[in-house]
Amino acid sequence: MGSLQTNPPKLVREPLKKGISIDHLEYVDVTPIIGREYPTASLKEMLDAPNADEQLRDLAITICERGVVFFRAPQDDLSVDEQKHITDMLGKLTGRPAENGLHVHPLYNDPNNLPMADGTTDKHIYVINSEAQKKLYATMKDRPAATEPKDLGREWHSDSLFETCPSDFSFLRMQSTPPSGGDTLWRFLESLTATCAQPVFKSACEKGGYSVMSPRGSPLNVDFEFAPQHPVVRTHPVTGWKSLFAGVGLHVSRIDEVTSYEDYMIREYVMRIITRNHDSIARMHWTRARPDTHLVEGVRTGVRASGIGEVPYLDPASTGRREALGLPKF
């Protein structure tokens, strides 16, 4: 593994322990390993509670331990500002660097971006729209032709992995979905070390004649610096568990310090584990966003807020989830 993993920042955080403030909420674990669904909980009620910060902190730790959390009940009473506040507080209450905040998408200035449902825009909200994304990323290299079968494996990614300081928490709310398809998949794996990049941001800005957004949630995320080296296996700053982080996905350009063939084989192997191992996937079916929406008519639109955490690191003393919880390895 590269030297990047053995040089954590000066402060390696102590793992946080969850309290009991949200233990009263009904929940169902999606799989034994990843994902938790709250079928009736209200985020608005959580915000209005006298111990709101305590509940948000425990929610943040739960998200970190389970990988992803779903709120099944409609959250229509939650405003966009409240969505942003929750996203920001999840990071602040679990010790993110004080100078970091919400991410700003590099292509916010692109005229192909769509407004939110109320007609407004917000630099801290990325409107995910399946049709708009085709125009936003038209300059992306090696995009398959529209007539070619869609390779869904290309869509796997960790949010903002192209930044020096990537996202810590993301909060996605769907505003419209096709009548079927469009589930969202998350992955959780423990193993394997990558240069990350997203050159489409530079080519899109040059073609559109607008400037890239800068800074983007951290003073370290500036200009066209979209090629950081991140540890493939990192220590989660909240749980203290090590897990696969930058091994595969849309924003990973190559595994460092291996041959081209080894790079291909490692990423192909990990991708097959992710896409074929049900223990590593939590799937949320939106009753009202897996990228299989191309198979049906309809447009998928959602609003996402993402916080920005610290520079990823690996603490050599950290353990995997199974070892930390005393679970069998196989």
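See the structure printed just above.
Residues numbered from 1 in each chain as written. Predicted model: local features only at pLDDT ≥ 70, side-chain atom pairs only at ≥ 80, totals over all residues. Heavy atoms only, no water.

J.: Let's hear about the sheet that holds strand S3 (residues 69–71): which residues, and what values?
T.: With respect to topology, three strands assemble into an open sheet ordered S1-S2-S3, the strand pairing being mixed. Of all strands in the sheet, those bounded by a partner on one side alone are strand S1 (28–29) and S3. Here strand S2 (residues 36–38) runs beside S3; their pairing, made up of three bridges, is parallel. For Arg36, the partnering residue across the bridge sits in S3 and is Val69. (Pairing = 2+ DSSP bridges. Helix = DSSP H or I, 4+ residues; strand = E, 2+ residues; numbered from the N terminus.)

J.: Give a detailed account of the packing of aromatic side chains, specifying residues and quantitative values.
T.: Counted by the stated rule, this structure contains six aromatic pairs. Plain terms: the ring middles of Tyr27 and Tyr38 are 6.2 Å apart, the flat faces sit at 65° to each other, and that makes the pair edge-to-face. Note that Tyr27 is positioned in the segment before S1 and Tyr38 in strand S2, a separation of eleven residues in sequence. Geometrically, the ring pair formed by Phe162 and Phe201 is edge-to-face, given 4.7 Å between the ring centres and 75° between the ring planes. (Phe/Tyr/Trp six-rings, centres within 6.5 Å; stacked < 30°, edge-to-face > 60°.)

J.: Help me get a handle on the nonpolar core, residues and values and all.
T.: The nonpolar side chains of a soluble globular protein tend to be buried with one another. Counting residues in each nonpolar core, the largest one holds 22 residues, and the members touching the most others are Tyr38, Leu43, Leu59 and Ile86. Contributing elements (two or more residues each) for this core: helix H1 (43–48), helix H2 (52–66), S3, helix H3 (80–92) and strand S5 (167–176). When sequence neighbours within four positions are dropped, the list of residues in contact with Leu59 reads Ile22, Tyr38, Leu43, Met46, Val69, Phe71 and Leu90. Core analysis: the second largest hydrophobic core is formed by 16 residues, Met140, Leu172, Val200 and Cys205 among them. (Core = buried A, V, L, I, M, F, W, Y, C linked by side-chain atoms within 4.5 Å. Buried < 20%, exposed > 50% of the residue type's maximum accessible area, 1.4 Å probe, protein only. Contact = heavy atoms within 4.5 Å.)

J.: Report on the side chain of Ser306, specifying residues and quantitative values.
T.: Mapped onto the elements of the fold, Ser306 is located in strand S12 (residues 301–308). For Ser306, a relative accessible area of 4% gives the class buried. A polar side-chain atom of Ser306 sits 2.7 Å from a polar atom in the side chain of Ser170. Filtering out sequence-adjacent residues up to four positions away, Ser306 remains in contact with Thr87, Gly101, Leu102, His103, Asp159, Ser167, Phe169 and Ser170. (Polar contact = N/O pair within 3.5 Å; in protein donor to acceptor, adjacent residues only side chain to side chain.)

J.: So what's going on with the pattern of salt bridges? Which residues, and what values?
T.: With the rule as written, the count across this model stands at 17 salt bridges. In this structure, Arg36 engages Asp29 in a salt bridge whose closest nitrogen and oxygen atoms are separated by 2.7 Å. Note that Arg66 is salt-bridged to Asp29, the shortest N-O span being 3.7 Å. Separated by 37 residues along the polypeptide, Arg66 in helix H2 and Asp29 in strand S1 bring together distant segments of the chain. The class of Asp29 is partly exposed, set by a relative accessible area of 31%. Among the charged side chains, a network of salt bridges with common partners joins Asp88, Lys92, Arg96 and Asp168. (Salt bridge = Lys/Arg side-chain N within 4 Å of Asp/Glu carboxyl O.)

J.: Give me the lowdown on the pairing of S12, citing residues and values where you can.
T.: The element S12 is largely enclosed, with a buried count of eight among its eight residues. With burial as the criterion, each face of S12 is covered, one bearing Thr301, Val303, Ala305 and Gly307 and the other bearing Gly302, Arg304, Ser306 and Ile308. Where strand S4 (residues 126–129) and S12 come together, four bridges link them in antiparallel fashion. Across the sheet, Asn129 pairs through a bridge with Thr301, a residue of S12.

J.: Quick one: what's the story with unusual backbone geometry, residue by residue and with numbers?
T.: Along the chain, Ser214 connects to Pro215 via a cis peptide bond; the corresponding omega equals -5°. Among the structural elements, Pro215 can be located in the loop between helix H5 (200–208) and strand S8 (233–235). Located in the positive-phi region is Ser160, a residue other than glycine, with phi close to 60°. Take Ser160: it is sitting in the loop between helix H4 (130–136) and S5. For Asp223, which is not a glycine, the phi torsion comes out positive at approximately 50°. If you trace the backbone, Asp223 turns up in the loop between H5 and S8.

J.: Could you give an account of H3, with specific residues and numbers?
T.: Owing to its 3.6 residues per turn, the α-helix aligns residues three or four sequence positions apart on the same side. Between its first and last C-alpha, H3 extends 18 Å over 13 residues, near the 18 Å set by a 1.5 Å rise per residue. With ten of its 13 residues buried, H3 lies for the most part within the structure. Every buried residue of H3 is listed here: Val80, Glu82, Gln83, Lys84, Ile86, Thr87, Asp88, Met89, Leu90 and Gly91. (Expected span 1.5 Å × (residues − 1).)

J.: A description of the packing of H2 against H3 should follow, citing residues and the corresponding values.
T.: Between H2 and H3, the least distance of the axes is 9 Å, while the angle of their chain directions is 75°. For the element pair H2 / H3, the angle class is roughly perpendicular. In this structure, H2 contributes Asp53, Leu56, Leu59, Ala60 and Ile63 to the contact, and H3 contributes Ile86, Met89 and Leu90. Its residues assigned to classes, the contact of H2 with H3 shows seven nonpolar, no polar and one charged. (Axes fitted to C-alpha atoms, helices over the stretch in contact; angles between N-to-C directions. Parallel < 35°, antiparallel > 145°, perpendicular 65-115°, else oblique. Nonpolar A, V, L, I, M, F, W, Y, C, P; charged D, E, K, R; others polar.)

J.: Could you give an account of H5, naming the residues involved and the relevant values?
T.: Here H5 has its buried residues at Val200, Phe201, Ala204 and Cys205. When H5 is viewed along its axis, its buried side chains cluster within an angular range of 130° and face the same direction. For H5, the exposed residues lying more than 90 degrees away from the buried face are Glu206 and Lys207. Turning to H5, the residues buried within the fold contact H4. One or two residues past the end of H5 sits Gly209, with phi positive at roughly 70°. (Arc of directions from axis to C-beta.)

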